[in-house]
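Structural overview for review
The chain contents come next:
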Amino acid sequence: MATIDSVLIGAADPSAAEQFYAAAFGPHLPVHVTASQEPTTGFRGFTLSLTVAQPADVRALVDAALDAGAVSLTPVTKSFWGVGGSVQAPDGTIWKVATSAKKDTGPATGEVDQVVLLLGVDDVAVTKRFYVESGLTVAKSFGRKYVEFEKGGGRITLGLYGRRALAKDAGVDPAGSGSHRLTVVGDLGSFADPDGFAWQAASVWADQGQSTS
């Protein structure tokens, strides 16, 4: 089964971005930073989500991100589906922290149960078909609204959302242009998907002297 090992986030100041992520979310996320000066404006078309066990962990991680320099987009709130909030990192990446639990069962641990990459796409059905043909397996599908793929042995779960719906969920305007400043690293190979999101083979990333662990 095809899998995703990690993601590369392009940042104008990679050293500062790395310091932010270590301080906000800890050193063990499957997220790496690379230098990028590619022009980009507004919504970059994707979000990264951290799924945690309970509301206390949502609050702890969001607070840590804000203390490290993130900007609040949507405050931590309770809804019918659980508890969550979103922030924008100094490099521009949008992060959501959420749990389906509505009550705490203990003190916050800061542990992340799942990392989800959500791509905001022009046509969910078209991009879904592209990824199925590329080797991913659908885990959940809600017509043209949302698709989630099997994680397999990878470290990141991939989901597809309509661009406007994803921006609304993140609390930002959907307008944006230029580079996504994102590269997905996995075993599907090196290519660009229908919405311009770049993929790089894990073997290529390793050959560059980097580590995906």
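The present account deals with the structure reproduced in this document. Starting afresh in each chain, residues are numbered from 1 along the sequence in its written order. Given that this is a predicted model, residues contribute local features only at a pLDDT of at least 70 and side-chain atom pairs are listed and counted only at 80 or more, while totals for whole chains, interfaces and linings are drawn from all residues. Water and hydrogen atoms were dropped before computing side-chain values, which therefore reflect all heavy atoms in the structure.

Attention now moves to the sheet that holds strand 2 (residues 31–35). Think of it this way: DSSP has to see at least two bridges between two strands before they count as a pair. Labels follow the DSSP assignment, with helices taken as runs of H or I lasting at least four residues and strands as runs of E lasting at least two, numbered in each case from the N terminus. Taken in spatial order, the five strands of this open sheet run 2-1-13-15-14, and their pairing is mixed. In this open sheet, the two edge strands, each paired with only one partner strand, are strand 2 and strand 14 (191–192). Two strands pair when backbone bridges link them, and strand 14 and strand 15 (residues 198–201) are joined in this way by two bridges, in the antiparallel orientation. Within strand 15, the residue paired with F191 across the bridge is W199. For this analysis, residues touch if any pair of their heavy atoms sits within 4.5 Å. Angles here are taken between N-to-C directions and fall from 0 to 180 degrees, while the axes themselves are lines fitted to C-alpha atoms, restricted in helices to the stretch in contact. Sitting on the sheet, helix 1 (residues 14–25) is in contact with strand 1 (4–11) and strand 2, with an inclination near 165° to strand 2.

A separate point is the pattern of salt bridges. The working definition used for a salt bridge is a side-chain nitrogen of Lys or Arg within 4 Å of a carboxyl oxygen of Asp or Glu. Counted according to the given criterion, the structure contains four salt bridges. Its salt-bridge partner being R59, residue D104 comes within 2.8 Å of it at the nearest N-O pair. One end of the pair, D104, is in the loop between strand 7 (94–99) and strand 8 (114–121); the other, R59, is in helix 2 (residues 55–67), with 45 residues separating them in the sequence. Buried residues are those whose accessible area, probed at 1.4 Å on protein chains only, stays under 20% of the maximum for their type, while exposed residues exceed 50% and partly exposed ones sit between those limits. Exposure remark for D104: the relative accessible area of 36% places this residue in the partly exposed category. Taking relative accessible area as the criterion, R59 reaches 37% and is therefore assigned partly exposed. D169 is paired through a salt bridge with K96; the nearest N and O atoms lie 3.0 Å apart. Separated by 73 residues along the polypeptide, D169 in helix 4 (residues 163–170) and K96 in strand 7 bring together distant segments of the chain.

Let us look at empty space enclosed by the protein. Here a cavity denotes grid points, spaced 1 Å and computed from the protein atoms alone, that fit a 1.4 Å probe unable to get out, and a pocket denotes an open set having protein on both sides within 12 Å along at least 5 of 7 lines; residues with an atom within 4 Å of a point are the lining. Grid points are joined across faces, edges and corners, and a volume is the space filled by probe spheres set on the points. This structure, assessed with the given rule, holds two cavities of 30 Å³ or more. In terms of lining residues, the largest cavity is bounded by A2, T3, I4, L136, E150, K151, I156, T157 and L158. Residue polarity follows a fixed list, in which Ala, Val, Leu, Ile, Met, Phe, Trp, Tyr, Cys and Pro are nonpolar, Asp, Glu, Lys and Arg are charged, and the others, Gly among them, are polar. Class assignment of the residues belonging to the lining of the largest cavity gives a composition of five nonpolar, two polar and two charged. Put simply, the second largest cavity is a space of about 40 Å³. As for the second largest cavity, its lining consists of G42, F43, R44, F46, Q88, G92, T93 and I94.

With that settled, the discussion passes to helix 2. Residues spaced three or four apart along an α-helix face the same direction, because each turn holds 3.6 residues. For a helix, the expected span equals 1.5 Å multiplied by the residue count minus one. For helix 2, which comprises 13 residues, the first-to-last C-alpha distance of 18 Å matches the rise-based estimate of 18 Å (1.5 Å per residue) to within 8%. All of the buried residues in helix 2 are P55, A56, D57, V58, L61, V62 and A65. Among the structural elements, helix 1, strand 4 (46–51), strand 5 (71–79), strand 6 (82–88) and strand 7 are those in contact with the buried residues of helix 2. A positive backbone phi angle near 120° is found at G69, which sits one or two residues after helix 2.

This part is about the layout of surface pockets. By volume, the largest pocket amounts to about 670 Å³. Surrounding the largest pocket, 18 residues form its lining, W81, K96, L118, Y146 and Y161 being those nearest its centre. Secondary-structure elements contributing two or more residues to the lining of the largest pocket are strand 4, strand 7, strand 8, strand 9 (138–142) and strand 10 (146–149). In terms of residues, the lining of the largest pocket owes the most to one element, strand 7, which gives four residues. Residue classes in the lining of the largest pocket are distributed as nine nonpolar, five polar and four charged.

Further remarks concern the packing of aromatic side chains. Classification of ring pairs rests on two measures: the distance between centres of Phe, Tyr or Trp rings, Trp counted by its six-membered ring, which must be within 6.5 Å, and the angle between planes, read as stacked under 30 degrees, edge-to-face over 60 and tilted in between. Per the counting criterion, the structure on display carries 12 aromatic pairs. Each ring, one from F20 and one from Y21, has its centre 5.0 Å from the other, and the planes form 75°; the classification is edge-to-face. One exposure class covers both F20 and Y21, and it is buried. Taking 4.9 Å as the distance between ring centres and 45° as the angle between the ring planes, the aromatic pair formed by F25 and W95 counts as tilted. Of the two residues, F25 sits in helix 1 while W95 sits in strand 7, which places them 70 residues apart along the sequence. Taken together through their ring pairs, the aromatic side chains of F130, Y131, F149, F191 and W199 make up a single cluster.

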